[in-house]
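# Geometric and topological summary
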Amino acid sequence: METSFGHVSLIRPARGVDKQRSKEPGVEPDRTHGSFRPVIDRWTVVPWFVLGLAAVTWLNLFRPVFHLAAVIADSLAHGAPVTARHLHSDFFAFWPAGHIAATAEAARIYDPAWFAAWSTAQFGPGLPSYMQYFYPPPSLLTTLPLLPFGPAAGLLAWTLLISLPCIPLLRRAGAPWPVIAAGLLSAASLTGISIGEFGPIAGSAFIAALMAVSRRPDVAGGLFGLISLKPQAGLLGPVVLVARGEWRGLAVGIAVTAALAAAVTLVAGPAIWPAFLRQGMAVAHAHLIAPFPSVYETSGVSVFWMARSLGAPVGLAGLCQGVSALAASIWCWHAWRRKEADPVARAALTVCLTLLVTPYAYANDMTGLSVMVAWLAWRRGGPGVADALLWLWPALGPVIARVLHVEIAPLVILLGALRAARAPGGIGTPAPACYPAPI
């Protein structure tokens, strides 16, 4: 591809697999085998060296995971209290929500002052002011398994709930074991597990749904419906199903979503909905538009927060987010209209585009992207510099945001989308060669 830097390519030719294609044009290469041998040449020695140093930020993420394990072990073995002073985790929002949801006061979950007082009575002082529950009512269903447990056993149960199902979901999607390991050990996954968030399981479920669209659209629709428990994680699911004309899958997804809404209404009472619309959404909106950089925004990866970090007012940031969402949806639509596209490359593209649709996206929500980056690298025979950057970004991005007060994650996610689009045998979407060296 001709650029001002000469003849370069955005994607390096895959070793082994593409050689077979070039020698035997009529033979479709085996895409199930690969490796993680890094691709290094004179153009990429310096970037690899820099990323090698930056990998310290990934290694540092093991510390909160080990600390989480130590808190659980100490609590179960010696009865040590689980408090926000000892652990930074959104578990302190989910455990109270689960215990309140089945009571007559369920609707008060969305009252910030009441919820904070209830939580403080259980865990003691020290809860961050932003530790509120403002998820949509169906999300309360995910917290009900915590009802039988106290804080210590509940913390263990919650950690297993958001992590262990990732393995069968990704296996169902067809991901090789090394890819699953790379995904679950990624910076995004480690972050999600350590802070008790949905990112790992939501990303894995979304990948399983995308990979099932062509083979089992009803299963895909059901998984998309379940992802409505964390709706921003699967916003492009309906676009995918409509683009493919999978009306049965769409119907299943709508039915599952409706069933979840009905179930939470039965459990928490109909008052839960007006409480969410009146108070929950107000808290969520205040959370979204807080001045950058607040504690949680430095871990954000959305276009909205990127615009805010660059000084944009709320209205302009919202416009930027709207344009990004529309462009990502159109790109997704065209990608899924193509019948001959490679399913792995197309799923990788869709995972990236989903992060560009929602204004609520954090580093732990990049778990699905980390899995797909690893999957494409595995099939190419080795990761490139861009693969390492994408895989490490959930660890690097918050550091950069805190130091420079600038959020640039959407640009990195766009790089992932372009690479997925240009993957060998990908979706045929043109993407520019925007780097002076093969990455």
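Presented here is a report on the structure given in the accompanying data block.

The rules behind these values
- Residues numbered from 1 in each chain as written.
- Predicted model: local features only at pLDDT ≥ 70, side-chain atom pairs only at ≥ 80, totals over all residues.
- Heavy atoms only, no water.
- Helix = DSSP H or I, 4+ residues; strand = E, 2+ residues; numbered from the N terminus.
- Buried < 20%, exposed > 50% of the residue type's maximum accessible area, 1.4 Å probe, protein only.
- Contact = heavy atoms within 4.5 Å.
- Phe/Tyr/Trp six-rings, centres within 6.5 Å; stacked < 30°, edge-to-face > 60°.
- Arc of directions from axis to C-beta.
- Patch = residues over 30% accessible without salt bridge, like charges linked within 9 Å, V, L, I, M, F, W, Y side chains within 5 Å.
- Areas by Shrake-Rupley, 256 points an atom, 1.4 Å probe, with all protein chains shown as cover.
- Salt bridge = Lys/Arg side-chain N within 4 Å of Asp/Glu carboxyl O.
- Core = buried A, V, L, I, M, F, W, Y, C linked by side-chain atoms within 4.5 Å.
- Axes fitted to C-alpha atoms, helices over the stretch in contact; angles between N-to-C directions.
- Parallel < 35°, antiparallel > 145°, perpendicular 65-115°, else oblique.
- Left-handed = near helix turned anticlockwise from the far one by under 90°.
- Nonpolar A, V, L, I, M, F, W, Y, C, P; charged D, E, K, R; others polar.

### Looking at the overall build of the protein chain
- For the protein chain, the helix and strand inventory stands at 20 helices and 2 strands.
- Per-residue burial for the protein chain yields a buried fraction of 56% across its 439 residues.
- In the protein chain, of all internal contacts separated by at least 6 residues, the share reaching a separation of at least 24 is 74%.

### Section: the packing of aromatic side chains
- Summed over the entire model, instances satisfying the criterion amount to 21 aromatic pairs.
- Measuring from ring centre to ring centre gives 6.4 Å for F91 and F123, while their planes differ by 65°; the resulting arrangement is edge-to-face. On the criterion of sequence distance, the pair formed by F91 in helix α4 (residues 91–101) and F123 in helix α5 (residues 112–123) is long-range, its members being 32 residues apart.
- Under the relative-accessibility criterion, F91 is labelled buried at 0%.
- Arranged with centres 6.2 Å apart and planes meeting at 50°, the rings of Y110 and Y133 form a pair that is tilted.

### Some remarks on helix α12 (residues 237–244)
- Listing the buried residues of α12 in full gives G237, V240, L241, A243 and R244. Looking straight down α12, one finds that the buried residues subtend no more than 165° of arc, so they occupy a single side.
- Positioned one or two residues after α12, G245 has a phi angle of 70°, which is positive.

### Notes on unusual backbone geometry
- In this structure, P293 follows F292 across a cis peptide bond, with omega equal to 0°.
- Tracing the sequence through the fold places P293 in the loop between α14 (272–289) and α15 (303–309).
- Despite not being glycine, H405 has its phi angle at roughly 60°, a positive value.
- Within the secondary structure, H405 sits in the loop between α19 (385–404) and α20 (409–421).
- What makes H405 partly exposed here is its relative accessible area of 42%.

### Digging into a nonpolar patch on the surface
- A surface patch of nonpolar side chains, about 500 Å² in accessible area, is lined by V45, V46, F49, V50 and L53.
- With respect to the secondary-structure elements, V45 resides in helix α2 (residues 45–60).

### As for the pattern of salt bridges
- Under the counting rule described, the total for this entry stands at 8 salt bridges.
- Note that R380 and D387 form a salt bridge whose closest N and O atoms lie 2.2 Å from each other. Of the two residues examined, R380 and D387, each falls in the buried class.
- Note that D387 and R419 form a salt bridge whose closest N and O atoms lie 3.0 Å from each other. Highlighted residues: D387 in helix α19 and R419 in helix α20, separated in sequence by 32 residues. Like R419, D387 is buried.
- One network of salt bridges, with partners in common, ties together R216, D218 and R248.

### A short note on the nonpolar core
- Core analysis: the largest hydrophobic core is formed by 86 residues, its most contacted members being I207, F224, L353, L369 and M372.
- The residues touching M372, leaving out its near neighbours within four places in the chain, are I207, V344, A347, A348 and V351.

### Describing the environment of G203
- Summarising the element assignment, G203 is placed in helix α10 (residues 199–212).
- By relative accessible area, G203 is classed as buried at 12%.
- Linking G203 and G368, residues 165 residues apart in sequence, is a C-alpha distance of 4.2 Å.

### Describing the side chain of S119
- As for its position among the elements, S119 is in helix α5.
- Residue classification places S119 among the buried positions, given a relative accessible area of 1%.
- Leave out the neighbours within four places in its chain, and S119 touches F92, P96, G124 and L127.

### Quick look at the side chain of H99
- Mapped onto the elements, H99 comes out in helix α4.
- In this structure H99 touches W118, L146, L147 and F149, once residues within four positions along its chain are discounted.

### With respect to the packing of α2 against α19
- Direction vectors running N to C along α2 and α19 enclose 40°, while the axes themselves pass 9 Å from each other. It follows from the interaxial angle that α2 and α19 lie oblique. Note that α2 runs across α19; the crossing there is left-handed. Of the residues in α19, those touching α2 at P47, W48, L51, A54, A55, T57 and W58 are V385, A388, L389, W391, L392, A395, L396 and V399.
- A class-by-class count of the residues in the contact of α2 with α19 yields 14 nonpolar, 1 polar and no charged.

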